[in-house]
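# Structural description and commentary
Residue strings, one per chain:
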Amino acid sequence: LAWVDLNAYFSPDEDLSMFFANQAGVLLEGGNMFVQNSDGFIRLNLACPKSVLEEGLRRICEAVNAR
């Protein structure tokens, strides 16, 4: 699992899980599901085939860069 800080790209009140689901077609878990005061963080599961990870990361990058 990767713990990713996206605070440089999103405001604290944005729902990152919904953003990535709607804009990238990638399901991620927001950090606030795991610990307090973790707005702006996502948990990314790396335990998947390399091709799936590469496609997911490509989609995530495109969605963030399109903002």
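It should be emphasised that the depicted structure is a prediction, and the values quoted were computed from it without experimental measurement.

## Focus: the pattern of salt bridges
Overall, the coordinates contain four salt bridges when judged by the stated rule. A salt bridge links Arg67 to Glu14, with the nearest nitrogen and oxygen atoms 3.1 Å apart. Of this pair, Arg67 sits in the segment after helix H2 (50–65) while Glu14 sits in the loop between strand S1 (2–5) and helix H1 (16–24), and the two are 53 residues apart along the sequence. Taking the relative accessible area as the measure of exposure, Glu14 reaches 28% and is therefore partly exposed. In this structure, the salt-bridge partner of Glu55 is Arg58, at a minimum N-O distance of 2.5 Å.

## Focus: the confidence of the model for the chain
Looking at the chain as a whole, the pLDDT averages 89, with 93% of positions reaching at least 70. Put simply, strand S2 (residues 29–30) is where the chain has its lowest mean pLDDT, 72, and H2 is where it has its highest, 96.

## Observations regarding H1
Leu16, Ser17, Phe19, Phe20 and Ala24 are the residues of H1 that are buried. On an axial view of H1, the arc spanned by its buried residues comes to 165°, and they lie on one face. Here H1 starts with a cap whose side-chain oxygen sits 3.2 Å from the backbone nitrogen of Ser17, and that cap is Asp15. Gly25 sits one or two positions beyond H1 and adopts a positive phi of about 70°.

## Topic: the packing of H1 against H2
Where H1 meets H2, the axes come as close as 9 Å, and the angle between the chain directions of the two elements is 100°. In terms of orientation, H1 and H2 fall into the roughly perpendicular class. Of the residues in H2, those touching H1 at Phe19, Phe20, Gln23 and Ala24 are Arg59, Ile60, Ala63 and Val64. For the contact of H1 with H2, the per-class residue count stands at six nonpolar, one polar and one charged.

What counts as what
Residues numbered from 1 in each chain as written. Predicted model: local features only at pLDDT ≥ 70, side-chain atom pairs only at ≥ 80, totals over all residues. Heavy atoms only, no water. Salt bridge = Lys/Arg side-chain N within 4 Å of Asp/Glu carboxyl O. Helix = DSSP H or I, 4+ residues; strand = E, 2+ residues; numbered from the N terminus. Buried < 20%, exposed > 50% of the residue type's maximum accessible area, 1.4 Å probe, protein only. pLDDT = per-residue confidence, 0-100. Arc of directions from axis to C-beta. Polar contact = N/O pair within 3.5 Å; in protein donor to acceptor, adjacent residues only side chain to side chain. Axes fitted to C-alpha atoms, helices over the stretch in contact; angles between N-to-C directions. Parallel < 35°, antiparallel > 145°, perpendicular 65-115°, else oblique. Contact = heavy atoms within 4.5 Å. Nonpolar A, V, L, I, M, F, W, Y, C, P; charged D, E, K, R; others polar.

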